[in-house]
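Tertiary structure, described
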Amino acid sequence: MKRQPRYFGRNAACFTFVTTFPMNLRHVFTASLCAISSLLSAQSEATFITKARQLTFEGKRSGEGYFSADGTQMIFQSEREAGNPFYQIYLMDLATGDQQRVSPGVGKTTCAWIHPDGKRVMFASTHLDAEAKAKQAAELKERETNRVRRYAWDYDESFELFEYSLADKTLKPLTNAKGYDAEGCYSPDGKHLVFASNRAAYSNELSKADAERLKIDKQFFMDLYLADADGSNVKRLTDVPGYDGGPFFSADGSKICWRRFDDKGEKAEIYVMNADGSEQRQITHVGAMSWAPYFHPNGRYVIFTNNVNGFANFELYIADTEGKHEPVRVTTTDGFDGLPVFTPNGKQLAWTSARTADTKSQIFIADWNDGAAMKALGLDGNAPPKAESPKEPDLATTTDEITTDDLRTHITYLASDALDGRLTGTPGEVLATQYAADVFKSLGLSPEGDKDGFFQPFEFTAGVALGKDNVLDATHGGDAIERLETDKDWRPLSFSQTGKVKASDIVFVGYGIETPEEALTSDGKKMEAYSSYAHADVKGKWVLALRYLPEDVAKERRDDLAKYSSLRHKALTARQHGALGLLIVSGPNSKVVEQLVPMAFDASLASSGIPAISLTDAAVARWFEKQGKSLKDIQTTLDKGDLMSALPIPGITLAASIDIQQEKRTGRNVIARMVMGSAPDYHGAPIVIGAHIDHLGSKGGSNSRSKGNEADKIHHGADDNASGVGGVFEIAQWLVAQKKAGKLAMKRDIIFAAWSGEEVGLLGSNHFINDYAKAITGKETSSLKGMIAANLNMDMIGRLTKTVVMQGTGSSSVWAKEIEQRNAPIGLPVTLQSDAHLPTDSTSFYTRGIPTLNAFTGSHEDYHTPGDTAAKVNYEGAAKIAKLMALIARSLVIADKKPDFIEMAAPKNAGTRGGMRVYLGTIPDYAQGDIKGVKLSGVSPVGPAAKAGVKAGDVIVKLGSKDVLNIYDYTAIMGELKVGTETSITVLREGKAVELKLVPGSRD
């Protein structure tokens, strides 16, 4: 039998059982374990792990090592501090071996985790316990006696979870509840954390028997909890007798694995559930102590610790997540083996082991054989079926020259019905990106995506839908409750704040519009003021407003009011007046097709900051009728432009529960590298040649230009942008052939890319450049000037008629000469366009200080319609454009100097909303996600924001005196600023608020 080490940590509670199990039953239990073990598969350790080596050496013991999301760091716990016999938390740089302690050094710590952003870590600690140092001294004194004693984790009720910032070395609590809060980890997207706690035993009323048990068996009351990453919105996931603990998310964040002890604390098994706590199921039935499970990144199996081979003989095992195969033994070396974790790419395994010379627990790491694991569990032939793929073209038939036939091969396949329009995050996009990876692989290019492959996945929000917990109750006369029917009488607006809303009064405020005092008309004159809130008391109440704006006023007046009439702006205005929430009704005069506002997903994921609800005319009209008033008559009066006093709705209060679910999907870029030497040059400045591979899908959605039934057909996207992707493939093949022929003396590498997510906000290219920036500079959105030589982009090169527009020529002084020289042998009709602020992927690069050039043949009647088919592509023209871009790429690659970069202000009319006159020169990142504020992907170098000191990567949270929660708040408040009048702008920069002074310029 193996020697049992003294160890405690995330899963150390199991050792309580080891050390306290009655001696007279141990032999019986050990015999049963040996019988069970004969049923489990065992193979040689070398089948699964090779090149094992010790990773930690210092101190009395170390263990529980967990990797950062990018695999470059490990966080672990170790007993190595003078004067403290308990574990502290350390962070190790796996590239340099550098280590730093991140815990306070006082008290006990356990269960650490690195946030996916790499900027903060989480762990459990008792350092705030007033008795922490006394407990240290007592433990040291006890150890001096050398008495042999049972060593058990004590579930100290002062344990709390803390978050430590690596940048400013600050520590903040994430939990604050009596009881043991520990065993925490972040979700892969960094938005949530899961942890174990027995807090309910301290806050709930216990039976007499349970109260007595708590005194001697605190682990019995442990359950799993889910919370937001900041510790808020805690939700209990498990609630059964016995210890639930050691939870971890799957790599995609959809599942949680953990171990559950029976109510006697004698046996534990491995469980899996959905991340929201649903569908809890047991996947092992060993009848021993199975604990410390961890998902392989492929999600098909978990690795865990088990003592089925002997009471104190802990080994590593694997089990499939469906529980269909008997667990398979992994380790066989003498010495404790437990707490296993995989590297993010699944190619290595780290675990805690006592296979050391002195038998003290330390962390080991080894190469992992995923194929052997899959085979041993019978999963290699049982993999989930892949999306059915049409027959891909035979890539061996394409030539090294750039030809019309080769382009036709690529474009016809990408724009075929089988790929269903290539919408980001759909099976069609998977097929398209797989084809791109196959092309790059066939050319011998190096994979440059994540996890040593060509693919670079990114998560995004694809839509919104009603959750299951939507309730709206109107109370009449203090006691009669009318429950309005969800999705029939009412519906939350997509940007509504979620959660429960207490019963509150209602005030009708007409159209809910308020113009600023300094607002100007479109011709620059002072606007006639309009306020639906004059003398209205709406603080803490629901405001009810009509959906649009007055119908029967002059067009000029409507244009003036339009910029303040969007639903987002009405929510902002209501919030600024202290309203509890916003109710929207279309009104009988509006004659809408659909009474309730559709739950359409928009560019910002952020909440409006208050509950916001759409109601039918019928539901609201009844409230007015009870007062002897007519909603239609009131709207008719308001439509003339007249104002009226706010109208309370007496005798009615409204309570709500609002639940909106966001649909998450994953898209993926395809990235490959052509190296100038024998290996990638990560210190040089490559050129990037790319095009977006995604399109609108089987239904065009809100981006379709088609009407009626046409909008529900496949949008093939042959020109937009199978043509550009085909061009990238042809350029890559030609350049590879040039190098092989000795005709390309490369001075820098080339990165080829097929971007996804362009149609939904340049998501893929932004994801790439943010990752690249972080890898090069350590900052997510820093300038990359000089670090990427140039970006060549092709977006719609398939409809050449009169001319090809070469866009972004003002971004570098080299472009005009390059185009002139390289077009000489081709003879294309060319138009130069200097502006580099374009609605395509090249903008992701230009805003980071990279010269860009985009080829574009112009829009056409089939743009964003099902009519954009392969049959309509001008293949001869597309081939010539690809050849031109290939020659320019060749010139850049062999040149000694990189192209210079020229900063340009965005056109002053770009992004104008509702006649807004002020110009700040900020470039919002529309892929920012659901953070509060407006994140900037760039700042125009000659704009007012840049002069004020605003930088790319800043998050704007306040403009003037008003809070900015999202892009809509931002643009609305911008419209209230005055040209030439100084105001303040507050940004979050590396987590700290920075207030700057800004003088808005004129957009006209």
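Side note on the overall build of the protein chain
- When you go through the protein chain residue by residue, the secondary structure sums to 19 helices and 50 strands.
- Entry remark: accessible area of the protein chain is about 40800 Å², with carbon and sulfur atoms responsible for 50%.

Overview of the pairing of strand β38 (residues 750–755)
- In terms of burial, β38 is largely enclosed, as six of its six residues are buried.
- Judged by which residues are buried, β38 turns out to be covered on both faces: I750, F752 and A754 on one side and I751, A753 and W755 on the other are all buried.
- Pairing analysis gives five bridges linking strand β36 (residues 660–674) to β38, with the strands arranged antiparallel. Its bridge partner being in β38, I671 is matched across the sheet by A753.
- With six bridges joining them, strand β37 (residues 687–692) and β38 adopt parallel strand pairing. Looking at the pairing, I689 lines up with F752 of β38.

Things to note about the sheet that holds strand β35 (residues 647–658)
- One open sheet holds the eight strands; their spatial order is β29-β28-β35-β31-β32-β33-β34-β30, and the pairing between them is mixed. Of all strands in the sheet, those with a lone pairing partner are β29 (480–484) and β30 (490–492), marking the two edges. Looking at each pair of strands side by side, their axes are set apart by 30° on average, direction ignored.
- As paired strands, strand β31 (residues 499–508) and strand β32 (residues 542–546) are joined by three bridges and run parallel to one another. In the strand pairing of β32, I506 is matched with W542.
- The sheet contacts of helix α10 (residues 567–576) involve β32 and β33 (581–585), and relative to β33 the element is tilted by about 140°.
- Taken strand by strand, helix α11 (residues 617–625) contacts β28 (471–476), β29, β31, β32, β33, β34 (612–615) and β35, and its axis lies near 145° from that of β35.

With respect to the side chain of N274
- Among the secondary structure elements, N274 is positioned in strand β17 (residues 268–274).
- Relative accessible area serves as the criterion here: at 14%, N274 is assigned to the buried category.
- Leaving out residues up to four positions away in the same chain, N274 has contacts with S254, K255 and E279.

Re the sheet that holds strand β23 (residues 337–342)
- One open sheet accounts for four strands, arranged β2-β25-β24-β23; its pairing is antiparallel. Strands at the two margins of the open sheet, each flanked by one partner only, are β2 (49–54) and β23. Going from strand to strand, the sheet's axes swing by 25° on average, the running direction of each strand aside.
- Sheet topology note: the β2/strand β25 (residues 362–368) ladder contains four bridges and is antiparallel. Across the sheet, the residue bridging to T50 is D367, located in β25.

A look at the nonpolar core
- Residues F48, I75, V102, Y301, I318 and W368 are the most contacted members of the largest nonpolar core, which totals 95 residues.
- Contacts of I318, omitting those with residues within four sequence positions, involve F48, Y301, V302, I303, F304, P327, V328, V330, W368, A373 and L377.
- In this structure, A415, W734, F752 and L892 belong to the second largest nonpolar core, which totals 70 residues.

Side note on the packing of aromatic side chains
- Summed over the entire model, instances satisfying the criterion amount to 31 aromatic pairs.
- Taken together, a centroid distance of 5.4 Å and an interplanar angle of 80° make the contact between F159 and Y180 edge-to-face. One end of the pair, F159, is in the loop between α3 (132–144) and β9 (160–165); the other, Y180, is in the loop between β10 (171–173) and β11 (181–186), and 21 residues separate them in sequence.
- Classification of F159 by relative accessible area gives buried; the value is 0%.
- For the pair W291 and F314, a centre-to-centre distance of 5.8 Å together with 85° between the ring planes defines the contact as edge-to-face. Here the residue W291 occupies a position in strand β19 (residues 290–295), and F314 occupies one in the loop between β20 (301–306) and β21 (315–320), the gap between them amounting to 23 residues.
- Judged by relative accessible area, which is 0%, W291 ranks as buried.

Focus on the pattern of salt bridges
- The full count for this structure, using the stated rule, is 42 salt bridges.
- Salt bridges sharing partners connect three or more residues here, namely R61, E79, E139 and R143.

Description of the side chain of D749
- One can find D749 in the loop between α13 (718–740) and β38.
- At 2.9 Å, the side chain of D749 and the side chain of R673 are in polar contact.
- Excluding residues within four positions of it along the chain, D749 makes contact with R673, M674, V675, M676, P680, D681, P686 and I687.

Some thoughts on unusual backbone geometry
- Here the bond from D720 into N721 is cis, since omega is 5°, no more than 30 degrees from zero.
- Of note, N721 is situated in helix α13.
- Despite not being glycine, N233 has its phi angle at roughly 55°, a positive value.
- Within the element layout of this structure, N233 appears in the loop between β13 (223–228) and β14 (235–236).
- The phi torsion at L762 lies on the positive side, around 55°, for a residue other than glycine.

Overview of the environment of L414
- Assignment of secondary structure puts L414 in helix α7 (residues 404–414).
- Residue contacts for L414: discarding those within four places in its chain leaves L419, R422, A432, Y435, I693, H716, A722, V725 and F729.

Digging into helix α17 (residues 875–894)
- Taking 1.5 Å of rise per residue, the 20 residues of α17 would be expected to cover 28 Å, and the 28 Å separating its terminal C-alpha atoms lies within 8% of that figure.
- In terms of burial, α17 is a largely internal element, 15 of the 20 residues being buried.
- Measuring from the side-chain oxygen of the N-cap residue of α17 to the backbone nitrogen of E876 gives 3.4 Å; that N-cap residue is N874.

Digging into the state of the cysteines
- Here the structure, examined in full by the defined rule, presents zero disulfides.
- Free cysteine C257: the closest other cysteine sulfur is in C185, separated by 8.5 Å.

Considering the environment of S723
- Mapped onto the elements, S723 comes out in helix α13.
- Owing to a relative accessible area of 0%, S723 belongs among the buried residues under this scheme.
- Residues S723 and L414, 309 residues apart in the sequence, show an inter-C-alpha distance of 9.1 Å.
- If we skip the residues at most four places from it in the chain, S723 touches I411, A718, M796, I797 and G798.
- Polar side-chain contacts of S723 include one of 2.7 Å to the backbone oxygen of D719.
- For S723, the side chain forms a polar contact with the main-chain nitrogen of I797, separated by 3.1 Å.

Let's talk about the pairing of strand β3 (residues 61–67)
- For β3, a buried count of seven out of seven residues is recorded, marking the element as mostly surrounded by other parts of the structure.
- As paired strands, β3 and strand β4 (residues 73–79) are joined by five bridges and run antiparallel to one another. Bridging from a neighbouring strand, G63 pairs with Q77 of β4.
- In textbook terms, the turn of a hairpin is the stretch between consecutive antiparallel strands, and for β3 and β4 this stretch comprises five residues, one of which, G71, has a positive phi near 75°.

Let's talk about helix α12 (residues 631–639)
- Burial in α12 covers these residues: L631, I634, Q635, L638 and D639. Looking straight down α12, one finds its buried side chains confined to an arc of 135°; they lie on one side.
- Considering only its buried residues, α12 is in contact with β31, β32, β33, α11 and β35.
- In this structure S630 caps α12, since a side-chain oxygen of it lies 3.3 Å from the backbone nitrogen of K632.

So, the confidence of the model for the protein chain
- Across the protein chain, pLDDT averages 86, with 89% of residues at or above 70.
- Across residues 1–9 the pLDDT falls below 50, and counting only partners more than four positions away or on other chains, this stretch makes 45 contacts in the model.
- Scored below 50 in pLDDT, residues 908–917 shows 19 contacts in the model against residues more than four places distant or in partner chains.

Brief notes about the packing of helix α15 (residues 815–823) against α17
- Their axes nearest at 9 Å, the elements α15 and α17 cross at an angle of 120°. Taken together, the axes of α15 and α17 lie oblique to each other. Two packed elements cross with a definite hand, and for α15 against α17 that hand is right-handed. Facing α15, whose interface residues are W815, E818, I819, R822 and N823, α17 presents L884, L887, I888, S891 and L892.
- A breakdown of the residues in the contact of α15 with α17 according to their chemical character gives six nonpolar, two polar and two charged.

Calculation criteria
- Residues numbered from 1 in each chain as written.
- Predicted model: local features only at pLDDT ≥ 70, side-chain atom pairs only at ≥ 80, totals over all residues.
- Heavy atoms only, no water.
- Helix = DSSP H or I, 4+ residues; strand = E, 2+ residues; numbered from the N terminus.
- Areas by Shrake-Rupley, 256 points an atom, 1.4 Å probe, with all protein chains shown as cover.
- Buried < 20%, exposed > 50% of the residue type's maximum accessible area, 1.4 Å probe, protein only.
- Pairing = 2+ DSSP bridges.
- Axes fitted to C-alpha atoms, helices over the stretch in contact; angles between N-to-C directions.
- Contact = heavy atoms within 4.5 Å.
- Core = buried A, V, L, I, M, F, W, Y, C linked by side-chain atoms within 4.5 Å.
- Phe/Tyr/Trp six-rings, centres within 6.5 Å; stacked < 30°, edge-to-face > 60°.
- Salt bridge = Lys/Arg side-chain N within 4 Å of Asp/Glu carboxyl O.
- Polar contact = N/O pair within 3.5 Å; in protein donor to acceptor, adjacent residues only side chain to side chain.
- Expected span 1.5 Å × (residues − 1).
- Disulfide = S-S within 2.5 Å.
- Arc of directions from axis to C-beta.
- pLDDT = per-residue confidence, 0-100.
- Parallel < 35°, antiparallel > 145°, perpendicular 65-115°, else oblique.
- Left-handed = near helix turned anticlockwise from the far one by under 90°.
- Nonpolar A, V, L, I, M, F, W, Y, C, P; charged D, E, K, R; others polar.

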